[in-house]
Amino acid sequence: MSATQAVTRPIESGRGSSLLFGGWEVGLLVIMAALYLGGLYLNPAFFGSTSALFSVLRDASRYGVMAVGMTFVLVNKELDLSVGSTFGLTATFFGMLFAPSYFDLDVTTAVVACLALGLVIGLTNGFLVTVLEVPAFIATLTTLFIGRGVILGLTGGKNIAFELKADEYPTFFRIGEINALGFNNQIIVFLVIAAIGAVALAYTSYGWTTYATGGNEQAARYAGINTGFVRMRSYVLSSLCAVTAGLMNLAQSKDADPAFGLGAELVVIASVIVGGTAIFGGRGRVIGSCLGAILVGLIDKVLREGVPITRIIQVGDEKMEVAAISQLPPGAVPAFLGVVLVLAVLVEPWLVRRRILARAWARLRGLPPPVTPDLGGVAISGAQTRGTASQARGLGKRGIAAFFYRRDAAAVILVVALWLFGFWARPDFWQGLDNSFSMLLAFSEIALLAVGLTFVMANGDIDLSVGSVLALSGATAAVIMKDTSLGPLAAGVIAIGVGVLAGAVNGWLTAYVGLPAFIATLGTFYWARGIGSSIVSGTQLNGFPESFNLIGRSLFELLDAFGIAPTHGWWLAVAEAVSVQTIFVLVVAAIAGVVLAYTTFGQKVLAVGGNERAATFAGINTRRVRFTALLISGTCAAFAGVIYDAFYRSFIPTAGQLRELDAISSIIIGGGSIFGGYGTMIGSLAGAGVITLIRQLLSLQIILRDGSSFVLPQQWQNVFIGLILIIAVVGDIWLRQKNILGAWFGGMRAGEEATPAVLEHRA
Amino acid sequence: MTTPIVDMRGIYKSFGPVQALIDVNLRLMPGEVLGLVGDNSAGKSTLMKIVTGAYQRDAGDIFIDGTPVHFKSPHESRDRGIEMIYQDFALCGNLDVGQNIFLGRWPMRYGIFVDRARMHGDARAILNRLKVDVNSVYQKVESLSGGRQQSVAIARAISFAPKVVIFDEPTANLSVTATHRLLETISELKVHGVAQVIISHRMTDIFEVGDRVMVLKRGRNVGDRAIAQTTEKEVLELIVSGVPETPTAPEAAL
């Protein structure tokens, strides 16, 4: 039976890899030591003291606690982007309950309430992801934005202080203070939670079911593991860790700032990935994540503390030497962390799985390279011909009936309905030309981003960076016009070039390096905005040449600049009501619509989104298609950035914030799918119209019966838009893809006929 | 003696420590229907993926129409007239039947625009020639049943005018009537002179349409019989307890 032995010869070496500690952690310790020595060399005054070490550890401990929870989430092949806003929401919630100026409750109640809040957030995330099957990144991104909106809505952007009252409850607030041994108690909390997490993941069935679910969910489910519960509890755990970290922070600061936790999700995810956890699930250790948190915390500190320099300044006739700290401009830290995140994610597919280092080392020594798994290209990765029953039912229908079966019909109907609703609510304001003009302006920014993003989402990818690329391009154009002698034309061209470049980076990382699109563009989301705000040094720039600003004016002003403005008649009315950017957007959208619907490139995009494997077999260069789509998206965002500068005649670093949310919502409302394969330009434009109208309606001044009026604050609008995005995604998955309504109605009409078909498609 | 359309000699393939194929030979004559059977992990799919170029062999020779080949990807084997129909059909559910049949090579107008009228017309013609019952070429593929999705996949393969079609477990997901229709389609293709390899677990299907059956066991040839000269029982015995042997001359089967 030699054949049998040849095939099934087992390989056993050592005791297998530890789930507690390994080579990765050793490497991290070495890097950390090197970094600390570097800090010591650059800034001995700060890094030379033990208090510095403790302060690094103190700040890292909060990230570390969140990283413990995040490890469980990522090992489960999930993602939780909401930890930063949960961290911030804890502060706001606690502050409002505890502070004498608000509810003035005792500390125990406030803490219990915060933990309950964490439980609710975790369960919400878990429910959205595991039960409603919303992709994790989109569900938790929305929770992030909603959480931020609620923080601003509740606090109005103001700080809540409770320092005096904190003295009445020394037990709780001692957590944030320095103990008799000379270090902050938060470090102890961190160590305890890290130890519990590490043991739980490495040695208990709790941890092993987590690994199994992340490694192969189907296999785990067949083995009798309740994977839905395992995934759900990871979100709860992550939220509770974020609340704990938020409470630790509060105990130290003794106030609640609405900016707490801003961008913390980036630090935490970067920490966990740096700590050796795979973004593709199934691999990761808590100790690695904790070391990652300390390392990222250390980098953060080095970047923020800066390098001491001596500057010579002129005071009258005398020259004086002044000691100063050279610091990086604001935005540099998130920019850097965004890059770290992307690089760290690359480690798993390239260093670990393809063993690049081992192969390079073998080549250097002239030995044959080690065995790498046969990736087998597209032939191995399985992809089903996805089933959604909702299509083709309209086959053979004509006219209006056929229209109702279109995926983008709902958006068109909604636009009309919302417009009529606005007209009904405030006819005096709604019919005015000013309102239409301002709505068209708001529409053009969202629509322009949506046009580019439609290609990306039809492809099955996502671009979370559109708002940030808008800011980066806007910043580039603004800085060039202000600080260089280059004219507005050069500024516009370079700014658009920068956007194309950002799109190319997204496309390269996604299509050629093989990162999931959401993680590659999440990196860009941070670095593009970070660089944008650091090149303008975090300030507002204005005073651009008027010839440049014409891009953002009405058609009348443009024609007037050339001396050909109309003087009377309907032509004058049109020229005054329509802006240059609206025309530009409609032209771009028309071209893009034709490309998507009628050209081979458009067909390729839809084919790749429908079934990438099938498209590859058919000889379509799927990588190039995906790359191009992300490039188009970056370009459209850059256009939007240049128009932003021209329209507002100024640039602020928060330009385009939350716009990715608007654009993604527009596309999904307009018939696109978060899973790709669908999308029309008309649908996306109608979706952008829906979002614009909702924003406009939410900001309407409602005049009440008694003559008083009410306006919804801006921050609550964002909460609504977040909710709408979630509703749209859930509606897309359950109504369009799985055709729940059709199954119900079909079931009622045709008895058992409809159900097996739906079940077959769901399988 | 005619030249075999596919001739594989002494194929070896390993995945890490696992020897998936050991000295495997396969010959396929023009117009022949060959059933490729064997237990799970016998190497059937691996052998076929090596023919199409999805996998690279470790050792051995492959001749297509008498000339040695070294396919790097399925696209290269397609150019030489080899088509594979995958178990999951590899279709885009969000596109319609016509778009799927011409996936990636849609007829064009003015260089960039898709000529939809011509595409749907040609698709209809191919479906008619194949005598399959797909009602409309405008239907989205995801709304079709499994059997009809397979018909689309076959129509797509046929549109390349292949010399060899490989079916990977074609009847695994089909209903009884759909299986029956598929077997008719296979016979129809045979009439047109297309050689076919059918990877299957279902012996009855192979005995109904096949000319010859080849058995693999743990990556080795263990049997090669003409359908006319064997029984289902004998083939089953080979699958379970066959010993390595060299294949018989395939022309004996015709």
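Residues numbered from 1 in each chain as written. Chains lettered and ligands numbered in written order. Predicted model: local features only at pLDDT ≥ 70, side-chain atom pairs only at ≥ 80, totals over all residues. Heavy atoms only, no water.

**Notes on the overall build of chain A**
Inclusion rule: Every helix listed is a DSSP run of H or I at least four residues long, and every strand listed is a run of E at least two residues long, numbered separately from the N terminus. Note on classification: 1.4 Å probe, protein chains only; a residue is buried when its accessible area is under 20% of the maximum for its type, exposed when over 50%, partly exposed between these limits. Contacts are assigned to residue pairs that have any heavy atoms within 4.5 Å of one another. Where accessible areas are quoted, they stem from the Shrake-Rupley method and a 1.4 Å probe; at the residue level, only the protein chains shown are allowed to cover.
When helices and strands are counted, chain A shows 36 helices and 8 strands. Looking at chain A as a whole, 54% of its 763 residues qualify as buried. A fraction of 76% describes how many contacts in chain A between residues 6 or more apart in sequence connect residues 24 or more apart. When the accessible surface of chain A is summed, it comes to about 33,400 Å², and 66% of that surface belongs to carbon and sulfur atoms.

**Considering the pattern of salt bridges**
Residues and elements named next belong to chain A. This is how it is decided: Whenever Lys or Arg places a side-chain nitrogen within 4 Å of a carboxyl oxygen from Asp or Glu, that contact is recorded as a salt bridge.
Counting across every chain of the model gives 25 salt bridges over all chains. Put simply, Glu177 and Lys254 hold a salt bridge, and the shortest N to O gap is 3.3 Å. Taken together, the residues Glu177 in the loop between helix H9 (170–173) and helix H10 (185–203) and Lys254 in the loop between helix H13 (227–253) and strand E2 (255–256) connect sequence positions 77 residues apart. It is possible to trace a salt-bridge network through shared partners that takes in Glu78, Glu217, Arg221 and Arg231.

**A closer look at the sheet that holds strand E6 (residues 82–85) of chain B**
Residue and element names in this part refer to chain B. Condition: A pair of strands is treated as paired once DSSP finds two or more bridges between them. The axes used here are C-alpha line fits, helices contributing only the stretch in contact, and every angle between their N-to-C directions lies in the interval 0 to 180 degrees.
Across the sheet, 6 strands lie side by side as E6-E9-E10-E3-E11-E12; this open sheet has mixed pairing. Looking at which strands have only one partner, the edges of the open sheet turn out to be E6 and strand E12 (220–226). Each neighbouring strand pair of the sheet contributes to a mean axis angle of 20 degrees, computed without reference to strand direction. Summarising the sheet, strand E9 (residues 164–168) and strand E10 (residues 195–199) pair through 5 bridges and their orientation is parallel. Across the sheet, Phe167 pairs through a bridge with Ile198, a residue of E10. On top of the sheet, helix H8 (residues 232–241) reaches strand E3 (33–38), strand E11 (212–217) and E12; it is set at about 20 degrees to E11, its chief contact.

**Some words on the packing of aromatic side chains**
Think of a pair of aromatic rings as described by two things: how far the centres are apart, and how the planes are tilted against each other in angle. Using the following cut-off: Ring pairs are drawn from Phe, Tyr and Trp, using the six-membered ring of Trp, whenever the two centres fall within 6.5 Å, and their geometry is named by plane angle: stacked under 30 degrees, edge-to-face over 60, tilted for the rest. Two thresholds decide whether a charge sits over a ring: the Lys NZ or Arg CZ must be within 6 Å of the ring centre and within 35 degrees of the ring normal.
A full pass over the atoms with the stated rule returns 24 aromatic pairs over all chains. Taking 4.8 Å as the distance between ring centres and 5 degrees as the angle between the ring planes, the aromatic pair formed by Phe137 of chain A and Phe518 of chain A counts as stacked. Within this pair, whereas Phe137 of chain A is found in helix H7 (residues 136–155), its partner Phe518 of chain A is found in helix H24 (residues 517–535), the two being separated by 381 residues in sequence. In terms of burial, Phe137 of chain A and Phe518 of chain A fall into one category: buried. With 4.7 Å between their ring centres and 70 degrees between their planes, Phe647 of chain A and Tyr648 of chain A make a pair best called edge-to-face. Given the relative accessible area of 24%, Phe647 of chain A is considered partly exposed. Above the face of the Tyr86 of chain B ring, Arg613 of chain A is positioned so that its terminal group lies 5.1 Å from the ring centre.

**Let's talk about the packing of helix H22 (residues 466–483) of chain A against helix H31 (residues 622–648) of chain A**
Residues and elements named next belong to chain A. To be explicit about the condition: Between 65 and 115 degrees an angle is taken as roughly perpendicular, under 35 as roughly parallel, over 145 as roughly antiparallel, and anywhere else as oblique. Handedness of a helix crossing follows the sense of rotation of the near helix relative to the far helix, less than a right angle counterclockwise being left-handed and clockwise being right-handed. Polar here means any residue outside two lists: the nonpolar Ala, Val, Leu, Ile, Met, Phe, Trp, Tyr, Cys and Pro, and the charged Asp, Glu, Lys and Arg; Gly therefore counts as polar.
Contact pair H22 / H31: the axes reach a minimum separation of 7 Å and the direction vectors enclose 50 degrees. What the angle tells us is that H22 and H31 run oblique. Note that H22 runs across H31; the crossing there is right-handed. Residues Val466, Val469, Leu470, Ser473, Gly474, Ala477 and Ala478 of H22 pack against Ser633, Gly634, Ala637, Ala638, Ala640, Gly641, Tyr644 and Asp645 of H31. Of the residues that constitute the contact of H22 with H31, the class distribution is 9 nonpolar, 5 polar and 1 charged.

**As for the confidence of the model for chain B**
Which entries qualify depends on this criterion: Scored from 0 to 100, pLDDT records how confident the predictor is in each individual residue.
Looking at chain B, the pLDDT average stands at 86 and 96% of residues meet or exceed 70. Ignoring residues within four places in sequence, the model shows residues 249–254 of chain B, a span with pLDDT below 50, making 12 contacts including any to other chains.

**Quick look at empty space enclosed by the protein**
Keep this limit in mind: In this analysis, the protein atoms alone were mapped onto a 1 Å grid. Cavities are point sets where a 1.4 Å probe fits without being able to get out; pockets are open sets with protein on both sides within 12 Å along at least five of seven lines; lining residues have an atom within 4 Å of a point. Grid points are joined across faces, edges and corners, and a volume is the space filled by probe spheres set on the points.
A full pass over the atoms with the stated rule returns 3 cavities of 30 Å³ or more. Estimated volume of the largest cavity: approximately 200 Å³. Around the largest cavity sit 17 residues that line it, and Phe617 of chain A together with Arg78, Glu83, Met84 and Tyr86 of chain B are the ones nearest its centre. Contributing elements (two or more residues each) for the lining of the largest cavity: helix H30 (612–617) of chain A together with helix H2 (74–79), E6 and helix H5 (146–158) of chain B. Broken down by element, the residue count for the lining of the largest cavity peaks at 4 residues, all from E6 of chain B.

**Things to note about the pairing of E12 of chain B**
Residue and element names in this part refer to chain B. Among the 7 residues of E12, 5 are classified as buried, and the element is accordingly described as predominantly covered. Across 6 bridges, the pairing between E11 and E12 is antiparallel. Paired with Arg212 across the strands is Ala226, a residue of E12. Here E11 folds back onto E12 in antiparallel fashion, the turn holding 2 residues, of which Arg218 has a positive phi close to 50 degrees.

**Observations regarding the pairing of E10 of chain B**
All names here are of chain B. The condition is simple: We call a crossover right-handed when, viewed with the strands running away from us, the connection from the first strand over the helix to the second turns clockwise.
Taken across its 5 residues, E10 has 5 buried, putting it largely inside the fold. Judged by which residues are buried, E10 turns out to be covered on both faces: Ala195, Val197 and Ile199 on one side and Gln196 and Ile198 on the other are all buried. In this sheet, E10 lies alongside E3 in parallel orientation, the contact comprising 4 bridges. Paired with Leu34 across the strands is Val197, a residue of E10. Traced from E9 through helix H6 (residues 176–191) to E10, the parallel crossover comes out right-handed.

**Comments concerning helix H19 (residues 409–425) of chain A**
This is how the line gets drawn: What a helix is expected to span follows from its residue count: subtract one and scale by 1.5 Å.
Between the first and last C-alpha of H19 of chain A there are 24 Å, a value that for 17 residues agrees with the 24 Å anticipated at 1.5 Å per step. Those residues of H19 of chain A not exposed but buried are Ala409, Ala411, Leu418 and Gly422 of chain A.

**Considerations on helix H4 (residues 50–75) of chain A**
For an α-helix, 3.6 residues make a turn, and residues three or four places apart therefore share a direction. Residue and element names in this part refer to chain A. We count it as follows: At any given residue, the bend is defined as the angle formed between two axes, one fitted to the seven residues that end at that position and one fitted to the seven that begin there.
For H4, built from 26 residues, the straight-helix expectation of 38 Å at 1.5 Å per residue is met to within 8% by its first-to-last C-alpha distance of 35 Å. Of all the bends in H4, the largest measures some 35 degrees and sits at Ser61. Across the 26 residues that make up H4, a large majority, 19, are buried. At the exit of H4 stands Lys77, carrying a positive phi of roughly 70 degrees.

**Some points on the sheet that holds strand E4 (residues 59–64) of chain B**
Residues and elements named next belong to chain B. Here we have 4 strands laid out as an open sheet, ordered E2-E1-E4-E5, and antiparallel in their pairing. Edge positions in the sheet fall to strand E2 (18–28) and strand E5 (67–68), since each has one partner strand and no second. Taken together, the 2 bridges between E4 and E5 define a ladder with antiparallel strand orientation. Bridging across to E5, Ile64 finds its partner in Thr67. Taken strand by strand, helix H1 (residues 44–52) contacts strand E1 (6–15), E2 and E4, and its axis lies near 115 degrees from that of E1.

**Points about a nonpolar patch on the surface**
All names here are of chain A. This is how the line gets drawn: Every patch collects residues that have over 30% relative accessible area and no salt bridge, joining them within 9 Å if they carry like charges and within 5 Å if they are nonpolar side chains (Val, Leu, Ile, Met, Phe, Trp, Tyr).
Together, Phe21, Val26, Leu29 and Val30 make up a nonpolar patch on the protein surface, roughly 340 Å² of accessible area in all. In this structure, Leu29 sits in helix H2 (residues 23–42). Classification of Leu29 by relative accessible area gives partly exposed; the value is 39%.

**Describing the state of the cysteines**
Residue and element names in this part refer to chain A. Stated precisely, the cut-off is as follows: Two cysteine sulfur atoms make up a disulfide if the distance between them is within 2.5 Å.
Summed over the entire model, instances satisfying the criterion amount to 0 disulfides over all chains. With no disulfide of its own, Cys290 lies 9.7 Å from the sulfur of Cys241, the closest cysteine sulfur. The class for Cys290 is buried, based on a relative accessible area of 7%.

**Some words on the confidence of the model for chain A**
All names here are of chain A. With 87% of its residues at a pLDDT of 70 or more, chain A shows a mean pLDDT of 82. Throughout residues 1–14 the model reports pLDDT below 50, and contacts reaching past four residues in sequence, or to other chains, amount to 9 contacts. Long-range and interchain partners of residues 374–394, a stretch whose pLDDT sits below 50, account for 60 contacts in this model, where long-range means more than four residues apart.

**Quick look at the nonpolar core**
As a rule of thumb, soluble globular proteins bury nonpolar side chains together. Keep this limit in mind: Buried residues of nine kinds, namely Ala, Val, Leu, Ile, Met, Phe, Trp, Tyr and Cys, make up a nonpolar core once their side-chain atoms join them within 4.5 Å.
Grouped together as the largest cluster of nonpolar side chains are 262 residues, with contacts concentrated most on Phe94 of chain A together with Leu47 and Met48 of chain B. Each residue touching Phe94 of chain A, except ones within four places of it in the same chain, is listed here: Ala99, Val107, Ala110, Val111, Cys114, Phe162, Phe172, Phe173, Leu247 and Leu250 of chain A. In this structure, Val37, Met203, Val215 and Val235 of chain B belong to the second largest nonpolar core, which totals 11 residues.

**Brief notes about unusual backbone geometry**
Residues apart from glycine generally show negative phi values, whereas peptide bonds are mostly found in trans. Residues and elements named next belong to chain A. Not every positive phi belongs to a glycine, and Lys77 is a case in point at roughly 70 degrees. You can see Lys77 is positioned in the loop between H4 and helix H5 (83–98). On the basis of relative accessible area, Lys77 is assigned to the partly exposed category, the value being 49%. Unlike most non-glycine residues, Leu658 shows phi in positive territory, near 70 degrees. In this fold, Leu658 is placed in the loop between strand E6 (650–651) and helix H32 (659–669). The exposure class of Leu658 is buried, given its relative accessible area of 16%.

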